[in-house]
Amino acid sequence: MFDISKVKTPCYVVEEAELYHNLTILDWVMMKTGCKILLAQKAFSMYSAYPMISQHLKGTTASGLYEAKLGREEFDGEVHVYSPAYTEADMKELVQICDHIVFNSPKQWQKFKGTVEQSGRKISCGIRCNPEYSEIETDIYNPCFKNSRLGTTLDSFDDSLIDGIEGLHFHTMCEQGADVLKRTIPHIEEKFGKYLHKMKWINLGGGHHITKDDYDLDALVECVNYLQNEYDVQVYLEPGEAVALNAGYLVAEVLDTMKNGMDIAILDASAACHMPDVLEMPYRPNIIDSGEAGEKAHTYRIGGATCLAGDIIGDYSFDQHLKEGDRLVFCDMAIYSMCKNNTFNGMPLPSIYLHKLDGKLELIKEFGYDDFKMRL
């Protein structure tokens, strides 16, 4: 563990050792199956860590032009991109940097087919499909919920428009295990199996919790090998969370404490600005050396310093009273939080540190007023 007194708060600290641990697990999956695993940059795009990650994974996947550029410039590997819709201006640039482009519908493919063909580059194109099956319970994260805009259902899959398409893309999962994938595959086959036989690859998207302690790796290997053998396709996986799971922390400092029916602590970090998934999912991140409300001697409601009334991280208990200057360390903050943070209320973005394998704590980025002004 790094020395929390040595960092400027608020800050993210990413552990190279934990990244390496996750990457060795993903290496094993690729070795056992021959599948290709990509980094989903929407979850983790700290490109100072790309030299290490690119030694293991086969490339990056992007949600648009800027992420695609980042993958091409900073990561040695394939560049994939998917968006629900593309602009003509973006597509003109994407065809010059991407190896795979996934379209949301056959109609989108037809719109940009000429641009792809005229690029002079070998680009493998695919269609994102919606098998209308998912076990995700929260609609905001469920790409297959009713009336979803993400992917084409079988009813809307016009096979007269897919000439030149080489792959099908399915994203149906979120923080789930291989058992869910195993139950999902029959729905993919029922709806789109007749097309898979004509494809070169299938992309199973993200949401695979591959590096979680209780994940069934053997079941994943079984699923991947089944698809590759049954349909003679190359399988791609594109987890983001699994790459940086448990590899990062958010360190915050107590600015003040007060009472209003209970003890309250105000931090220099914010749920709304620095960990928005806490409010969106919602969930309660772990704080090192804390307990559930009432579990330890002193319970506090932890909140940020913005004007948003709901900028509340959660209720936690501690062995000692919190006081101004105390530092709290939130776990598993490398994923999504670093990509989704914002400067609402003019809150400064957290600094970013990399705790390297050799034990050195390297300051990667310290954000200031100029960075805030550039976002406006």
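Just so it is clear, the model here is predicted, and its values are computed rather than measured.

Caption draft 1: Local environment of the packing of helix H4 (residues 88–97) against helix H5 (residues 106–117). Contact geometry of H4 with H5 gives a least axis separation of 9 Å together with a crossing angle of 40°. Of the possible angle classes, the one that applies to H4 and H5 is oblique. In the packing of H4 onto H5, the handedness of the crossing is right-handed. Contacts between H4 and H5 involve Glu-88, Met-91, Lys-92 and Val-95 on the former and, on the latter, Lys-111, Phe-112, Thr-115 and Val-116. For the contact of H4 with H5, the class distribution of residues is four nonpolar, one polar and three charged.

Caption draft 2: Inspection of a nonpolar patch on the surface at higher detail. On the surface, Leu-279, Leu-308 and Phe-344 cluster together into a nonpolar patch covering about 230 Å² of accessible area. As for its position among the elements, Leu-308 is in the loop between strand S12 (298–303) and strand S13 (312–318).

Caption draft 3: Just the sheet that holds strand S8 (residues 201–203), in detail. On the basis of which strands lie adjacent, the closed barrel formed by eight strands has the order S2-S3-S4-S5-S6-S7-S8-S9 and parallel pairing. Shown here is a sheet whose adjacent strand axes are inclined to one another by a mean of 25°, direction ignored. Sheet topology note: the strand S7 (residues 167–169)/S8 ladder contains three bridges and is parallel. For Leu-168, the partnering residue across the bridge sits in S8 and is Ile-202. Set on the sheet, helix H7 (residues 217–231) makes contact with S8 and strand S9 (234–237); between it and S9 the angle comes to about 140°.

Caption draft 4: H7, seen in detail. Over its 15 residues, H7 extends 21 Å from the first C-alpha to the last, a length consistent with the 21 Å expected when each residue adds 1.5 Å. Taken together, the buried positions of H7 are Ala-219, Leu-220, Val-221, Cys-223, Val-224, Leu-227, Gln-228 and Tyr-231. Tucked inside the fold, the buried residues of H7 contact helix H1 (16–33), helix H6 (178–196), S8 and S9. Backbone nitrogen of Asp-218 and a side-chain oxygen of the N-cap are separated by 3.3 Å at the start of H7; the cap is Asp-216. Positive backbone phi, approximately 55°, marks Asp-232, located one or two places after H7.

Caption draft 5: Fine view of the pattern of salt bridges. Here the structure, examined in full by the defined rule, presents 23 salt bridges. Taking the shortest distance from any N to any O, the salt bridge between Glu-166 and Lys-122 comes out at 2.9 Å. Of this pair, Glu-166 sits in the loop between strand S6 (124–128) and S7 while Lys-122 sits in the loop between H5 and S6, and the two are 44 residues apart along the sequence. Here the salt bridges share partners, and the residues they tie into one network are Glu-16, Lys-356 and Glu-362.

Caption draft 6: Just the packing of aromatic side chains, in detail. One pass over the full model with this rule turns up twelve aromatic pairs. Here the aromatic rings of Tyr-369 and Phe-372 are separated by 6.2 Å at their centres, their planes lie at 45°, and the arrangement is tilted. Of this pair, Tyr-369 and Phe-372 both sit in helix H12 (residues 369–374), separated by three residues, roughly a single helical turn. Joined through ring pairs, the aromatic side chains of Tyr-86, Phe-103, Trp-109 and Phe-112 make up one cluster. Note that Arg-284 overlies the ring of Tyr-316, its terminal NZ or CZ placed 3.9 Å from the centroid. Over the face of the ring belonging to Phe-367 we find Lys-365, whose NZ or CZ atom lies 5.2 Å from the ring centre.

The rules behind each value
- Residues numbered from 1 in each chain as written.
- Predicted model: local features only at pLDDT ≥ 70, side-chain atom pairs only at ≥ 80, totals over all residues.
- Heavy atoms only, no water.
- Axes fitted to C-alpha atoms, helices over the stretch in contact; angles between N-to-C directions.
- Helix = DSSP H or I, 4+ residues; strand = E, 2+ residues; numbered from the N terminus.
- Parallel < 35°, antiparallel > 145°, perpendicular 65-115°, else oblique.
- Left-handed = near helix turned anticlockwise from the far one by under 90°.
- Contact = heavy atoms within 4.5 Å.
- Nonpolar A, V, L, I, M, F, W, Y, C, P; charged D, E, K, R; others polar.
- Patch = residues over 30% accessible without salt bridge, like charges linked within 9 Å, V, L, I, M, F, W, Y side chains within 5 Å.
- Areas by Shrake-Rupley, 256 points an atom, 1.4 Å probe, with all protein chains shown as cover.
- Salt bridge = Lys/Arg side-chain N within 4 Å of Asp/Glu carboxyl O.
- Pairing = 2+ DSSP bridges.
- Expected span 1.5 Å × (residues − 1).
- Buried < 20%, exposed > 50% of the residue type's maximum accessible area, 1.4 Å probe, protein only.
- Polar contact = N/O pair within 3.5 Å; in protein donor to acceptor, adjacent residues only side chain to side chain.
- Phe/Tyr/Trp six-rings, centres within 6.5 Å; stacked < 30°, edge-to-face > 60°.
- Lys NZ or Arg CZ within 6 Å of the ring centre and 35° of its normal.

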